Amino acid sequence: RLQQIMKVGALKVQIKKESGAVILLDAGDAFSPQEMAFAHAGGKTSPTIDLMTRAGYDAIVLGQQELGLGSNFLSRALRDAEFSVLGANLHRPQNGRFLLQVQPYALIQSGGFRVGVLGLGNGVGSIQSGDVVLAAQYYVPFLKQQADVVIVLTYLDAAADSTLATDVPDID
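Residues numbered from 1 in each chain as written. Predicted model: local features only at pLDDT ≥ 70, side-chain atom pairs only at ≥ 80, totals over all residues. Heavy atoms only, no water.

Visitor: Can you lay out the environment of V149 for me, pointing to particular residues and giving the numbers?
Guide: Position of V149 relative to the elements: it lies in strand β9 (residues 149-154). C-alpha separation for the pair V149 and G56, spaced 93 residues apart in sequence, amounts to 20 Å. Sequence-distant contacts of V149, defined by excluding residues within four places in its chain, comprise R114, V115, G116 and D172. (Helix = DSSP H or I, 4+ residues; strand = E, 2+ residues; numbered from the N terminus. Contact = heavy atoms within 4.5 Å.)

Visitor: Describe the side chain of S84, and please don't skip the residues or the numbers.
Guide: Note that S84 resides in strand β3 (residues 84-86). Given the relative accessible area of 15%, S84 is considered buried. Apart from the residues lying within four places of it in its own chain, the contact partners of S84 are D58, A59, I60, Q103 and A106. (Buried < 20%, exposed > 50% of the residue type's maximum accessible area, 1.4 Å probe, protein only.)

Visitor: Help me get a handle on the environment of D170, residues and values and all.
Guide: Topologically, D170 is positioned in the segment after α6 (158-167). Separated by 19 residues in the primary sequence, D170 and I151 place their C-alpha atoms 9.6 Å from one another. When near neighbours in sequence (up to four residues on either side) are disregarded, D170 contacts V140, K144 and V150.

Visitor: Describe the packing of aromatic side chains, and please don't skip the residues or the numbers.
Guide: Applying the stated criterion across every chain yields a total of three aromatic pairs. Both rings, one in Y105 and one in Y139, keep their centres 5.9 Å apart while their planes meet at 55°; by these two values the pair is tilted. Taken together, the residues Y105 in strand β6 (residues 105-110) and Y139 in helix α5 (residues 132-146) connect sequence positions 34 residues apart. Residue classification places Y105 among the partly exposed residues on the basis of a relative accessible area of 23%. We classify Y139 as buried; its relative accessible area is 16%. Aromatic pair Y105 and F142: ring centres 5.5 Å apart, planes at 55°, arrangement tilted. Of the two residues, Y105 sits in strand β6 while F142 sits in helix α5, which places them 37 residues apart along the sequence. In this structure an aromatic cluster arises from ring pairing among Y105, Y138, Y139 and F142. (Phe/Tyr/Trp six-rings, centres within 6.5 Å; stacked < 30°, edge-to-face > 60°.)

Shown next, in the form of structure tokens:
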């Protein structure tokens, strides 16, 4: 998986040269199940985060692999991310708050376009998930006012994605 991240980064550079507009997103499960076992030079917690930053990722949504590592490790690892980490409906059960580095959405400028990206996922372990449709209905109208295009980046099953597409009409 780590080798693929760098290949995708090179592809992003090539596409940007050809078209001028490209964003690089990941819909979860980028981390290895052994992520915590990797020692990384330079004090970085996660080699995956480091490679994704170098490859030029713009945003990711958290998946089962990332959330399964536990909120303490994940919070430390995400401090090094130079891209947006999304999860509008993900929260801690103790206080209802996001992990410190997790945002509901990102506004990304590329090739003269403003792209609004809303992240939605499934809770795992110590992170719970709220209703995806309610989260999208709350954030998408705001993003529609701020962006030329609104994308919802999900770590959900096909049925949930279909429901979102039906129940939240302003998603592009």
